[in-house]
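One-letter residues, chain by chain:
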Amino acid sequence: MLSAMWLLPYMILGGIAEALISVAQNEFFYSDQLPNSLSSVATTLSGLGMAAASLVSSWIVTATCRSWITEDIDEGHLDYYYWLMAALSLLNVVYFVWCSNSYDQNSPPSPDLLVSTCRGKHQRYIGKVKHAVFHTQKTGRKRVIVSTEQNVVASLDLRHGEIFWRHVLGTKDAIDGVDIALGKYVITLSSEGSTLRAWNLPDGQMVWETSLHSAQQSKSLLSVPINLKVDKDYPILVFGGGYLHAVSAVDGELIWKKDFTAEGFEVQRVLQTPGSSIVYVLGFIKSSEAVVYQIDSKSGEVVAEKSVVFPGGFSGEISSVSSDKVVVLDSTRSILVTIGFLDGDISFQQTRISDLVEDSGKAEILSPLLTNILAVKVNKRTVFVRVGGEGKLEVVDSLSDETAMSDSLPVADEQEAFASVHHEGSKIHLMVKLVDDLETVLLRESIQMDQHRGRVHKVFINNYIKTDRSNGFRALIVMEDHSLLLLQQGAIVWSREEGLASVTDVTIAELPVEKDGVSVAKVEHTLLDWLQGHVLKLKGTLLLASPEDVAAIQEMRMKSSGRSKLTRDHNGFRKLIIALTRAGKLFALHTGDGRIVWSMLLNSPNKFCERPSGISLYQWQVPHHHAMDENPSVLVVGRCGSDSSAPGVLSFVDVYTGKEISSSDIGHSVVQVMPLPYTDSTEQRLHLIADTNGHVHLYPKTSEALTIFQREFQNVYWYTVEADDGIIRGHAMKSSCSGETADEYCFTTRELWTVVFPSESEKIISTLTRKPNEVVHTQAKVNTDQDLLYKYVSRNLLFVATVSPKGAGEIGSVTPEESALVVYLIDTITGRILHRLSHQGCQGPVHAVFSENWVVYHYFNLRAHKYEVTVVEIYDQSRAENKNVWKLVLGKHNLTAPISSYSRTEVLTKSQSYFFAQSVKSIAVTSTAKGITSKQLLIGTIGDQILALDKRFVDPRRTLNPSQAEKEEGIIPLTDSLPIIPQAYVTHSLKVEGLRGIITAPAKLESTTHVFAYGVDLFYTRLAPSKTYDSLTDDFSYALLLITIVALVAAIYITWVLSEKKELSEKWR
Amino acid sequence: MSLSSSFEVDNLCNVDFNLMYLLVEFSTSADPSDDFRSAIGYAAKFSNIKVVLNGGQHITFLRPDGYFTFHKVPAGTHLIEVHALGYFFSPVRVDVSARHRGKVQATLTEIRRSLTELVLDPLRPEYYYEMREPFSPMAIVKSPMGLMVGFMVVVVFLMPKLMENIDPEEMKRTQEELRNQGVPSLSSLLPASR
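Residues numbered from 1 in each chain as written. Chains lettered and ligands numbered in written order. Predicted model: local features only at pLDDT ≥ 70, side-chain atom pairs only at ≥ 80, totals over all residues. Heavy atoms only, no water.

An unreviewed UniProt entry lists chain B under the name ER membrane protein complex subunit 7 beta-sandwich domain-containing protein, from Thlaspi arvense. The heading Sequence similarities (unreviewed entry) in the UniProt record of chain B holds the text "Belongs to the EMC7 family." (UniProt positions renumbered as here; feature names shortened; annotations may be inferred.)

Chain A has the name ER membrane protein complex subunit 1 in an unreviewed UniProt entry, where Thlaspi arvense is given as its organism. Under the UniProt heading Sequence similarities (unreviewed entry), the entry covering chain A gives this text: "Belongs to the EMC1 family."

This is how it looks when you write it as structure tokens:
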């Protein structure tokens, strides 16, 4: 007798399993877990699996176990049948476990800000420091106020270098001066002396803002009187735009202004003598006449005025050496002129530089403000000249090395001291001397630098009283690589890598493969540890965890994920971000924790060029992943000087070690660098570099590369954009260069086509092509009604946006009737315009992104006075007859047929426009390894946040009322504006201040993409546009799974016992 | 609270205005969650807010009383955007009249509403994080999985009770009838395929 109750546990288990699997499967397929293109396929595939299983099951029943299943259960062996089923299921379980083990359990990380040295310190960047003012008087927190070339004003903690507060001003709002007034306000002068702002010193809140009148361009000057620190009656004096303004420090009220525009008077110095309300204003008229005004600082009235013409003329630099004397250079830069203006009287005294130093050339006055001392740079030597009582000059000291100096600083006993810093090898020498007595060295320190940072650019010193009542000094120095260091007591107290605030180009590189023998972080724990860990995680998911538990979970996650390891991982999550900065320094940042793995300052092989500026970065050598022993390398293209015709410098840098493999001075200019789709046998990529003469040069300069190139000689095309003239030209190769200087790697070119835009109606404001390394998964797009559209996927498409010349200015400067925006899609091989779309009443700036067969661009609609986003998708019509999906599936289509730009293909474009509620700084698109995952647009908004917007929202096929079939395909009903969902900000509540660019790179895991954004701040995160459908999340609770299984087993046991009992009682009945 | 009527006249063809607006204090009705309050910081509430004119042409900051000013704005149509973490502000279209001095018209472009007094307030708060649902047993029961399990439990324990209520003789009769209809096929006996 076999009880039917035996079937009960099987049925329960089967039911639970069914419930679990069907819900999970549906979630998996339909709720955005899979890319849209795969979801319906996957559903049908699972149905196919069911069908196959049904077939197999009936086959098993008929073929093998006929005799076990009989009409009367007691006669057959139904149990055998179920044993067989159990065995098969066990096999399946083994297979499932193997599959799920192959899944990596790493999760996408919570986004974190890349920090300079270590995680959790939450450091942001400010940029290269221009001015620094110390605030150490009070006993409270010691701070230094800095303003930078990136238009940042910030308050830094002097002890640790952390940012107390900072403000990034607008791009056109360059800071001219910064100072502290009344002991509680930070005063900044910006926008060429036309905007004066006061910020609250402790928290950075803006207190007042005053717009100053400016009529002409002139240099600007901020003068905060020393008296102001105690007495409120003295105003802040500001010169800018031809006006001298006196502004009250308390509320920013304009007290008086003096118009100097008429005479062309340029104020050079404003001297406020302590204890007197008379302000001396010294300036030049047309660089040849010196004028001194005495102005009453309370009323703005001119008390006295005196002008003397100096026949030799002045050059720009001026050094004020005392309260009544300044020294300038004459226009030939060979005579030093001391101008005394004691009591409003002007006297000149001329001294030839050749009288002071031998072999003198052109001189240059260095900027520091030193009392009674003048620093002059002659012949790469810094000469200190003492200015005597009657304007007599004598040389007191000279330094042969390039030295940076600070302003002088009052120290005890009415003496003034200044600091000078120069570097020697890997050391820097800091000296603090008394101004009156250069022999007295108050401080002499040599500090070992941990890395090469180049020369010292700027020094700011500050003194403090030591416990033994002697003077101590701290120096803030700005290095050539823009880094900021605080030196105190012979050591670097802190340093900030401010070079990273001006990243110019970024590429993403692989880490080394983990080799055998290299110790791997210990993974295996005891079973108890493992269980404990999972119990903790369970607590976390059930929100029962205490704060300590949460910390423990965090730590465990950090440890288990091994995020900061310096080896390649299975999913391609750990990579190196190689960033080139404007200072010509290369940084490698680890994606795991954002630390700097290595950094390298570019060197110039050319002796005449001090330090090349970095332009761009290319992947030079990417060894195939089987070639483990080869290190990849990047090509850094630099330039000696700022002019585009300046000679270029190439540098090849090993990505793993950060060492420069070689560098070369290429002897020609760099206009355009074109990576070619060919590599040589050592996997070096061929690059073409175009120079200003219209020649191109092939790199690497090897015969092998030349052979490869000559084979493809006819197939190399490129284009140039002359935005100012409105011309786009297409070029092809012609022949080798002739002339004695040319080598065999130089080629001449011929012009194939030109597109000329009418200059009176169109001005090029933006051009864009696809990323050359982008992967396109499928060329065909299946419509709802089963017909196919073939994407026009061409690498040679150029997107060009032009506006009417009137509309090229700012928003608000043009009426809708006057401006039109026209976009073009141009084939860069033939110059054929594939598509032209005109937007009347619209203007730039245009921000665009180009991927696969679509362009999305953002511009301003003047009529609606809103921003708009338009998508243009381009399809190939010539292959439209292959409408049959079956042909595509069975491979009988002509997708593999070569596409030639010359076969004038018919194209079909679709476009649609939407409103967008924000200004945009940059747009990028996610990129994944195989291009299967659906794409997201990454929109860097004016608020310095990054918004992820599904590509489905910018789909020209959106209609107001999509049909059922279209809805199933995932087409969203058309709305007039794109949604801004706050949760879709990938930066969450962080800001990437001063955002300039967004870079994406694929991870090895198809679902995931790396996102790196740079500006003044750096930001890195990993995104999964369609969620991580190919890996389990880190939060996955194995303990919950375990508990469920245990509970099920217990339930089975209990029901078994119950059924036994019942059976027994049945029998006894 | 009103537009500053001050404008400067340099020469007759160049009239520049100062645009002055009050950014309203965030209303307490749209109460942001606690982590937003800390993200913005109650004390330094205004210090992280930027006001942008014409997509970056000018950037200004708020004064402690919530006012902000754009100086030297020429006549024409302009766009003001406010960026405050945690809040969404509609861009404002500002028409500065060239003919009538100081006449300024402001419109919220997102909701197409013109502003009578120059006070900007946030359209809505923005929450950048999704709140995690707290664990509750009801949520598990209410999930499709839980419903299925519950139904199964009901069936397992109630069906036998129903069976007991059926008259045994009637049961026998039905079974006879079924048998007479023919031998049931194998597939209907088996819980096939699944």
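After presenting the structure, the write-up continues.
Enquirer: Whenever I open this one, the overall build of chain A confuses me. Can you help?
Expert: For chain A, the count of helices and strands is ten helices and 64 strands. Looking at chain A as a whole, 52% of its 1069 residues qualify as buried. Restricting the contact set of chain A to residue pairs at least 6 apart, pairs at least 24 apart contribute 51%. As presented, chain A carries roughly 48,600 Å² of accessible surface, and 54% of it is formed by carbon and sulfur atoms. (Helix = DSSP H or I, 4+ residues; strand = E, 2+ residues; numbered from the N terminus. Buried < 20%, exposed > 50% of the residue type's maximum accessible area, 1.4 Å probe, protein only. Contact = heavy atoms within 4.5 Å. Areas by Shrake-Rupley, 256 points an atom, 1.4 Å probe, with all protein chains shown as cover.)

Enquirer: Which parts of the structure should I look at to understand helix H7 (residues 703-711) of chain A?
Expert: Side chains that are three or four residues apart share a direction in an α-helix, a result of its 3.6 residues per turn. Residues and elements named next belong to chain A. Of the positions making up H7, those classed as buried are Ala705, Leu706, Ile708 and Phe709. One side of H7 holds all its buried residues, which, seen down the axis, span an arc of 165°. Pointing more than 90 degrees away from the buried face of H7 are the exposed residues Ser703 and Arg711. Here the buried face of H7 lies against strand S43 (672-679), strand S44 (685-690), strand S45 (696-699), strand S47 (727-736) and strand S48 (746-756). (Arc of directions from axis to C-beta.)

Enquirer: Please clarify how the UniProt feature "transmembrane region" (unreviewed entry) in chain B should be interpreted in this entry.
Expert: Feature annotation in UniProt places "transmembrane region" (unreviewed entry) on residues 145-163 of chain B, given in this structure's numbering. For the annotated span residues 145-163 of chain B, helix accounts for 100% and strand for 0% of the residues, and the straight-line distance between the end C-alpha atoms is 27 Å.

Enquirer: Mind showing me how you'd approach the UniProt feature "transmembrane region" (unreviewed entry) in chain A here?
Expert: Residues and elements named next belong to chain A. Here the UniProt-annotated "transmembrane region" (unreviewed entry) positions come out as residues 7-25, 45-68, 80-98 and 1036-1059. End-to-end, the C-alpha atoms of residues 7-25 are 26 Å apart, and along that stretch the chain is 100% helix and 0% strand. Secondary structure over residues 80-98 splits into 100% helix and 0% strand, and the C-alpha atoms at its two ends are 27 Å apart.

Enquirer: Got a minute to help me understand unusual backbone geometry in this structure?
Expert: Trans peptide bonds make up most of the peptide bonds, and negative phi angles are found at most residues other than glycine. Residue and element names in this part refer to chain A. Following Tyr699, the chain continues into Pro700 via a peptide bond in cis, with omega recorded as -5°. Relative to the helices and strands, Pro700 resides in the loop between S45 and H7. You will see that Glu192, though not glycine, has its phi angle at about 55°, which is positive. You can see Glu192 is positioned in the loop between strand S7 (185-190) and strand S8 (195-200). Take Glu192: its relative accessible area is 46%, and that puts it in the partly exposed class. If you check the backbone angles, Asp944 has positive phi at about 65° while not being a glycine.

Enquirer: Help me out: how do you make sense of the sheet that holds strand S4 (residues 152-157) of chain A in this one?
Expert: Where strands meet in a sheet, backbone hydrogen bonds hold them as pairs that are either parallel or antiparallel. Residue and element names in this part refer to chain A. Overall, antiparallel pairing links the four strands, which are arranged S2-S3-S4-S5 in an open sheet. In the strand order of this sheet, the two ends are held by strand S2 (129-135) and strand S5 (163-168), each with one partner. Averaged over all pairs of adjacent strands, the angle between strand axes in this sheet comes to 15°, irrespective of strand direction. (Pairing = 2+ DSSP bridges. Axes fitted to C-alpha atoms, helices over the stretch in contact; angles between N-to-C directions.)

Enquirer: In this structure, what is going on with the interface of chain B and chain A? I would like to understand it.
Expert: Interface size is often expressed as the accessible area that is lost when the parts come together. Residue-level contacts link 55 residues of chain B with 71 residues of chain A. Counting each side, the surface lost to burial between chain B and chain A is near 5,400 Å², with a carbon and sulfur contribution of 59%. Applying the counting criterion to the chain B and chain A interface returns three salt bridges. Salt-bridge contacts for Glu110 of chain B lead to Lys866 of chain A; the nearest nitrogen and oxygen are separated by 4.0 Å. On the surface where chain B and chain A come into contact, there are ten residue pairs in polar contact (both at pLDDT 80 or more). Only strand S1 (7-11), strand S3 (50-53), strand S4 (58-61), strand S5 (67-74), strand S6 (76-84) and helix H3 (144-165) of chain B provide two or more residues apiece to the side of chain B that touches chain A. No other element matches the six residues that S6 of chain B contributes to the side of chain B that touches chain A. Its residues placed into classes, the side of chain B that touches chain A shows 25 nonpolar, 15 polar and 15 charged. (Buried area = accessible area lost by both parts, 1.4 Å probe. Salt bridge = Lys/Arg side-chain N within 4 Å of Asp/Glu carboxyl O. Polar contact = N/O pair within 3.5 Å; in protein donor to acceptor, adjacent residues only side chain to side chain. Nonpolar A, V, L, I, M, F, W, Y, C, P; charged D, E, K, R; others polar.)

Enquirer: Would you take a moment to explain the confidence of the model for chain A for this structure?
Expert: Close inspection of predicted coordinates is inappropriate for parts of the model with low pLDDT. Residues and elements named next belong to chain A. With 86% of its residues at a pLDDT of at least 70, chain A reaches an overall mean of 79. Counting interchain partners and residues more than four positions distant, the pLDDT-below-50 stretch residues 104-122 has 59 contacts. Every residue in residues 517-524 scores below 50 in pLDDT, and together they form three contacts with partners more than four places removed in sequence or on other chains. (pLDDT = per-residue confidence, 0-100.)

Enquirer: What should I look at first to understand the environment of Thr195 of chain A in this one?
Expert: All names here are of chain A. Relative to the helices and strands, Thr195 resides in strand S8. Remark: the alpha-carbon pair of Thr195 and Ser214, spanning 19 residues in sequence, is separated by 9.7 Å. Setting aside residues no more than four positions away along its own chain, Thr195 makes contact with Asp173, Thr188, Leu189, Ser190, Glu209 and Thr210.

Enquirer: What's the story with the pattern of salt bridges in this structure? I'm lost.
Expert: Inspection of every chain in the model, using the stated rule, returns 24 salt bridges over all chains. The shortest N-O distance in the salt bridge between Glu722 of chain A and Arg729 of chain A comes to 2.8 Å. The exposure class of Glu722 of chain A is partly exposed, given its relative accessible area of 25%. Note that Asp95 of chain B is salt-bridged to Arg93 of chain B, the shortest N-O span being 3.2 Å. Overlapping salt bridges bring together Arg453, Asp481, Glu497 and Lys585 of chain A as one network.

Enquirer: What am I meant to see in the packing of aromatic side chains here?
Expert: Two descriptors summarise a pair of aromatic rings, namely the distance from one centre to the other and the angle between the planes of the rings. All names here are of chain A. One pass over the structure, following the stated rule, counts 13 aromatic pairs over all chains. Their ring planes at 55° and their centres at 5.0 Å tell us that Phe757 and Tyr824 sit as a pair that is tilted. Of the two residues, Phe757 is situated in the loop between S48 and strand S49 (763-769) and Tyr824 in strand S53 (residues 820-827); the sequence distance between them amounts to 67 residues. Just as Phe757 is buried, Tyr824 falls in that class too. Three or more aromatic residues link up through ring pairs in this structure, and these residues are Phe709, Phe713 and Phe747. Note that Lys257 overlies the ring of Tyr243, its terminal NZ or CZ placed 5.4 Å from the centroid. Over the aromatic face of Phe573 sits the side chain of Arg1022, whose NZ or CZ is 3.8 Å from the ring centroid. (Phe/Tyr/Trp six-rings, centres within 6.5 Å; stacked < 30°, edge-to-face > 60°. Lys NZ or Arg CZ within 6 Å of the ring centre and 35° of its normal.)

Enquirer: I keep staring at the side chain of Glu497 of chain A and nothing clicks. Help me out?
Expert: All names here are of chain A. Along the polypeptide, Glu497 turns up in the loop between strand S34 (491-496) and strand S35 (503-510). You can call Glu497 buried: its relative accessible area is 7%. A polar atom in the side chain of Glu497 sits 3.1 Å from the side chain of Arg453.

Enquirer: What should I look at first to understand the sheet that holds S53 of chain A in this one?
Expert: Residue and element names in this part refer to chain A. Within the open sheet, the four strands sit side by side as S49-S52-S53-S54. Their pairing is antiparallel. The strands lining the two open edges of the sheet, one partner per strand, are S49 and strand S54 (833-840). Ignoring which end each strand starts from, the neighbouring axes of this sheet average 15° apart. As paired elements, S53 and S54 share seven bridges and run antiparallel to each other. Counterpart to Tyr824 in the pairing with S54 is Arg836.

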